[in-house]
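Chain by chain, the residues run as shown.
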Amino acid sequence: MTQEIRNIVILTGAGISAESGIDTFRSAGGLWEQHNVEDVATPEGFTRSPELVLNFYDMRREALGKVQPNPAHDALARLDAEFGGELLIVTQNVDDLHERAGAKRVLHMHGELKSALCLACEMRSPWDATLSDRPACPVCQAPSLRPDVVWFGEMPYQMDRIYRAIREADLFVSIGTSGAVYPAAGFVQDARNLGVQTLELNLERSEGSHWFHESRLGSAGELVPEWVGEVLG
């Protein structure tokens, strides 16, 4: 199958970063880093308690410096560098581990921790510092910055580009996803309906496993390098 593949779309989820020590978004009880998801990952939560939300993402941004890409990130970076066909890595993760491993063809559909969004002028700016001290927007100078992260109830980024890539793909691969968060959970159905080959690499069967032509179960750090080796021959 891989010898005929010239256009690959890869979806990565929390499972790939969990092996680097980043907590998955949804844990038992609907908590994320001991916080209720509704409090730190919704527009309503930000309206109720902006200080809590800004501090939460400041801590998450700082924590990125304590983790490193793992073999799965490294393998996808190798694929990015060596695969001669079209490739798009669509990640649900807001960390920068794909980029730090060396991948360049990456799309963050849920935003990025190292980016700030201005509510006044709607411009996005690279951001490594804190937001809880309400700094001025680099573009319009308004103290209106929030994390550039897509919260529940908001539209993920670049959906048109993602659906176009899936339409043109020969292979759709899902790595480390739960299959529970839409619209990403529906990508495999879209791919199947278009006749695209589908492959799941996951620690355990996801909610959407039955949609995949093939599911391989195990750690991303083992499965992804093995699969990339197959693709690159």
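Residues numbered from 1 in each chain as written. Predicted model: local features only at pLDDT ≥ 70, side-chain atom pairs only at ≥ 80, totals over all residues. Heavy atoms only, no water.

Where an unreviewed UniProt entry is consulted, the protein appears under the name NAD-dependent protein deacylase, with the organism given as Erythrobacter litoralis.

So, about the UniProt feature "binding site: Zn(2+)" (unreviewed entry) in the protein. Under the present numbering, the feature "binding site: Zn(2+)" (unreviewed entry) in UniProt falls on Cys-118, Cys-121, Cys-137 and Cys-140. Across 23 residues, the annotated set stays spatially compact, with a maximum C-alpha separation of 8.7 Å. Position of Cys-118 relative to the elements: it lies in strand E6 (residues 111–118). Given a relative accessible area of 1%, Cys-118 falls into the buried group. Contact partners of Cys-140, with chain neighbours within four places excluded, come to Cys-118, Ala-120 and Cys-121. (UniProt positions renumbered as here; feature names shortened; annotations may be inferred. Helix = DSSP H or I, 4+ residues; strand = E, 2+ residues; numbered from the N terminus. Buried < 20%, exposed > 50% of the residue type's maximum accessible area, 1.4 Å probe, protein only. Contact = heavy atoms within 4.5 Å.)

The next subject is helix H9 (residues 220–232). Helix length check: H9 (13 residues) gives 18 Å between terminal C-alpha atoms against 18 Å at 1.5 Å per residue, within 8%. Packing partners of the buried residues in H9 comprise strand E1 (7–12), helix H1 (14–18), helix H5 (71–82), strand E9 (171–175), strand E10 (197–202) and strand E11 (214–217). Looking one or two residues past H9, Gly-233 carries a phi angle of roughly 70°, positive in sign. (Expected span 1.5 Å × (residues − 1).)

Bringing the packing of aromatic side chains into the picture now. Scanning the model with the defined rule gives 5 aromatic pairs in all. A centroid spacing of 6.2 Å and a plane angle of 45° characterise the contact between Tyr-57 and Trp-151, whose relative ring orientation is tilted. One end of the pair, Tyr-57, is in helix H4 (residues 50–63); the other, Trp-151, is in the loop between strand E8 (145–149) and helix H7 (159–168), and 94 residues separate them in sequence. Classification of Tyr-57 as buried rests on a relative accessible area of 0%. With a centroid separation of 5.7 Å and 85° between ring planes, the pair formed by Tyr-163 and Phe-187 is classed as edge-to-face. Taken together, the positions of Tyr-163 in helix H7 and Phe-187 in helix H8 (residues 187–193) put the pair 24 residues apart, joining distant regions of the chain. By way of ring pairs, the aromatic residues Phe-46, Phe-56, Tyr-57 and Trp-151 are connected into one cluster. (Phe/Tyr/Trp six-rings, centres within 6.5 Å; stacked < 30°, edge-to-face > 60°.)

The next point concerns unusual backbone geometry. It is generally the case that most residues other than glycine have a negative phi and that most peptide bonds are trans. Between Tyr-182 and the following residue, Pro-183, the backbone shows a cis peptide bond with an omega angle of 10°. Along the chain, Pro-183 turns up in the loop between E9 and H8. Positive phi, normally seen in glycine, also occurs at Glu-122, with a value near 65°. Mapped onto the elements of the fold, Glu-122 is located in the loop between E6 and strand E7 (124–126). On the basis of relative accessible area, Glu-122 is assigned to the exposed category, the value being 62%. Positive phi outside glycine occurs at Gln-141, with the angle close to 75°. Tracing the backbone through its elements, the reader meets Gln-141 in the loop between E7 and E8.

Moving on, we get to the side chain of Asp-148. Relative to the helices and strands, Asp-148 resides in strand E8. Polar side-chain contacts of Asp-148 include one of 3.1 Å to the side chain of Arg-124. Of note is the side chain of Asp-148, whose polar atom sits 2.5 Å from the side chain of Tyr-157. In this view, Asp-148 contacts His-110, Gly-111, Glu-112, Ser-115, Ala-116, Leu-117, Arg-124 and Tyr-157; residues no more than four positions away in its chain are not counted. (Polar contact = N/O pair within 3.5 Å; in protein donor to acceptor, adjacent residues only side chain to side chain.)

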